[in-house]
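Here are the chains, one letter per residue:
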Amino acid sequence: MFKPRPPESVFSEPNIVTLVRLFASLVFFVLAAIRANPTLNFIGLGIHWLGDVLDGKWARLAKQETVLGAEIDIIADRVETLFFYVNFLRFQPALFLPVAVYLVDFAFVDFYLSYQFVKYGIISPNYFYQVDRTVYRLNFSPVGKFCNSTVVTLTLIFLPSLQLFALAFACALIVIKVYSIRRLFKLAESKK
């Protein structure tokens, strides 16, 4: 259960954790939508965040990081975030603009950037420091990940009156992602 697996492995226990957290959070998101219950939506978000930390830590500590696991994790993060925010907007429709901009960033721009790891022969975005330290620091370091996946959401949940801050932060995230994508394009061109 805790033995190392090669990066090309299809099976690993952390992948199971990712799939379980995806399924469990979706159950709560669907129940939140059916029952119009924001508490169930927040439980789904909590399962997403807790499971995301757990599957990543387990994979790294047990040396079970796989390319497939990184791909599943990236997709699960987007699916769970989209479900959360569809429900969230039902309960907080006045926050549409910062949510919409954040979803453009996270579901599209960041998704594209995160998936670039497969072009560079690294196991996951966690290893982007091997490709470009600036891209890593801005996007995939612990601080970069926290800023990317948590700041806007926590602001909108706990301080909705600061929606202009959340909007500006989401716009800044898009600028950072576009800058990072351009850096990777230039890096690829310089190696031709």
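As the structure is a computational prediction, the values presented were derived from the model and not from experiment. (Residues numbered from 1 in each chain as written. Predicted model: local features only at pLDDT ≥ 70, side-chain atom pairs only at ≥ 80, totals over all residues. Heavy atoms only, no water.)

S.K.: Before we go on, may I ask you to explain the packing of aromatic side chains in this structure?
M.R.: Each aromatic ring pair is specified by the distance between its two centres and by the angle formed by the two planes. Scanning the entire structure with this criterion turns up 15 aromatic pairs. Ring geometry for Tyr115 against Phe117: centres 6.2 Å apart, planes inclined by 50°, an arrangement best described as tilted. Note on Tyr115: relative accessible area 21%, which makes it partly exposed. On the accessibility criterion, Phe117 (0% relative accessible area) is buried. Three or more aromatic residues joined by ring pairs make a cluster, and in this case those are Phe29, Phe42, Phe83, Phe84, Tyr85, Phe88, Tyr102 and Phe106. Directly above the aromatic system of Phe106 lies the positively charged group of Arg78, at a separation of 4.0 Å from the ring centroid. (Phe/Tyr/Trp six-rings, centres within 6.5 Å; stacked < 30°, edge-to-face > 60°. Buried < 20%, exposed > 50% of the residue type's maximum accessible area, 1.4 Å probe, protein only. Lys NZ or Arg CZ within 6 Å of the ring centre and 35° of its normal.)

S.K.: Please clarify how the packing of helix α1 (residues 13–35) against helix α2 (residues 38–61) should be interpreted in this entry.
M.R.: For any two helices packed against each other, the geometry is given by the interaxial angle and the distance between the axes. Running from amino to carboxyl end, α1 crosses α2 at an angle of 175°, the nearest separation of the two axes being 8 Å. The orientation of α1 with respect to α2, classified from their angle, is roughly antiparallel. Tallied by class, the residues present in the contact of α1 with α2 amount to 14 nonpolar, six polar and five charged. (Axes fitted to C-alpha atoms, helices over the stretch in contact; angles between N-to-C directions. Helix = DSSP H or I, 4+ residues; strand = E, 2+ residues; numbered from the N terminus. Parallel < 35°, antiparallel > 145°, perpendicular 65-115°, else oblique. Nonpolar A, V, L, I, M, F, W, Y, C, P; charged D, E, K, R; others polar.)

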